[in-house]
Amino acid sequence: MSSTENPAAGGSRPRGPVDSSRIPRYAGPATFARLPRLDEVGTADVAVVGVPFDSGVSYRPGARFGGNAIREASRLLRPYNPAQDASPFALAQVADGGDIAVNPFDIHEAVETVEAAADELLGTGARLMTLGGDHTIALPLLRSVAKKHGPVALLHFDAHLDTWDTYFGAEYTHGTPFRRAVEEGILDTSALSHVGTRGPLYGKQDLTDDEKMGFGIVTSADVYRRGADEVAHQLRQRIGDRPLYISIDIDCLDPAHAPGTGTPEAGGMTSRELLEILRGLASCNLVSADVVEVAPAYDHAEITSVAASHTAYELTTIMTRQIAAARTGEETESK
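Please read these numbers as outputs of a predicted model, since none were measured by experiment. (Residues numbered from 1 in each chain as written. Predicted model: local features only at pLDDT ≥ 70, side-chain atom pairs only at ≥ 80, totals over all residues. Heavy atoms only, no water.)

Chemist: Just give me the short version of the sheet that holds strand E6 (residues 215–219), but keep the residues and values in it.
Modeler: Pairing within the open sheet is parallel, and its eight strands lie in the order E2-E1-E3-E8-E7-E4-E5-E6. For this open sheet the edge positions go to strand E2 (94–99) and E6, each flanked by a neighbour on one side alone. Strand-to-strand, the axes of this sheet are offset by a mean angle of 15°, without reference to chain direction. The sheet contact formed by strand E5 (residues 187–197) and E6 spans five bridges and is parallel. Across the sheet, residue His194 finds its bridge partner in E6, namely Ile217. Where helix H2 (residues 66–73) meets the sheet, it contacts strand E1 (46–51), E2, strand E3 (127–132) and strand E8 (285–292), and its direction lies at approximately 105° from that of E3. (Pairing = 2+ DSSP bridges. Helix = DSSP H or I, 4+ residues; strand = E, 2+ residues; numbered from the N terminus. Axes fitted to C-alpha atoms, helices over the stretch in contact; angles between N-to-C directions. Contact = heavy atoms within 4.5 Å.)

Dropping the structure here:
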């Protein structure tokens, strides 16, 4: 099937981005990639949603403004992705679902709100491309995805492990979501990996505990030494054909490529390495994803939000290609 063919549900052509040859990119509402709003199309195969929440951060705040910064930076995204030879917004309906409004003063209520909203969106058949917000939101998103798919494989791109127990006695923070997810049985512990980790830890026990939970680690130094292709191959072998959730903390990138984040660490990946690894995962069964921890107050020249918008674009492309392939297979079987 060529990248211009349309296998959308019901045979109707997906509504794509605003035509930038007629309306300048800097004009009009800043939806993701200038796509239609969800209420304009009714249903979507991939819903891009924001979660303006950063009450779980342990250092610099500001990620509550990340989703809209990513949307603004995504104005320059174009409808054809040459790296994956696909026109993602023609293959399936992608729409901007707006923001999930959460309580900034009560983390427990916020987590419940995100889970309920994700349940509703996934219940329509959509996959989620979520724009954070801090990494606390990964837990309710994983809970919702696991209700639909069972325990999922997880690729976690981050400078940090995010498998600590508590901060100041709080069980829900941006440093604890994946420990909670393991404890709740919503992750497939045979297919878990961190990618891009680096920097100081509280002690060696952090690594011991993390390994006991089932996580493998690909450090940023591993990416540098092995290269993106080898790392992607290693990750594909670990994931297999399991339903996969990808969670990307933008601080997996070096501060040179992502200064606008709350907990920067020196020695990270380049944006090119991150994008190439993601493209190498195109054959994986990606059921939903998030990009979090963009804090625009610390950004300049939109370096971080541009990197995040391209990251979300690659993830969305992977999902729409899989949706289109599945529909083509269903149509072939029905003939």
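The structure having been displayed, the exposition proceeds.
Chemist: Break down the nonpolar core for me, with residues and values.
Modeler: By size, the foremost hydrophobic cluster in this structure holds 49 residues, and its most contacted members are Met129, Phe157 and Ile246. Element by element, the count of residues in this core is highest for helix H11 (residues 303–334), at eight residues. Among residues more than four places away in sequence, those in contact with Phe157 are Val195, Ile246, Ser247, Ile248, Asp249, Cys252, Met269, Leu274, Ile277, Leu278 and Leu281. One finds Leu128, Leu142, Leu154 and Phe215 within the second-largest nonpolar core, a separate group that totals 40 residues. (Core = buried A, V, L, I, M, F, W, Y, C linked by side-chain atoms within 4.5 Å. Buried < 20%, exposed > 50% of the residue type's maximum accessible area, 1.4 Å probe, protein only.)

Chemist: I'd like a rundown of the pairing of E8, residues and numbers included.
Modeler: Counting buried positions along E8 gives seven out of eight residues, so the element sits mostly inside the fold. As paired strands, E3 and E8 are joined by three bridges and run parallel to one another. Each residue of the ladder has a partner; that of Thr130, found in E8, is Asp290. Examined bridge by bridge, strand E7 (residues 243–249) and E8 share seven bridges and lie parallel to one another. In the sheet register, Ile246 faces E8, and the bridge partner there is Ala289.

Chemist: Outline a nonpolar patch on the surface, supporting the account with residue identities and numerical values.
Modeler: Among the surface-exposed residues, Leu201, Leu207 and Ile217 lie close enough to one another that they form a single nonpolar patch of about 210 Å² accessible area. Residue placement: Leu201 occurs in the loop between E5 and helix H7 (205–212). Classification of Leu201 as partly exposed rests on a relative accessible area of 36%. (Patch = residues over 30% accessible without salt bridge, like charges linked within 9 Å, V, L, I, M, F, W, Y side chains within 5 Å. Areas by Shrake-Rupley, 256 points an atom, 1.4 Å probe, with all protein chains shown as cover. Salt bridge = Lys/Arg side-chain N within 4 Å of Asp/Glu carboxyl O.)

Chemist: So what about the pattern of salt bridges? Which residues, and what values?
Modeler: Counted by the stated rule, this structure contains 19 salt bridges. Residues Arg71 and Asp99 are paired through a salt bridge, measuring 2.9 Å at the closest nitrogen-oxygen approach. Placement of Arg71 in helix H2 and of Asp99 in strand E2 is noted, with a sequence separation of 28 residues between them. Here Asp99 falls in the partly exposed class, since its relative accessible area comes to 40%.

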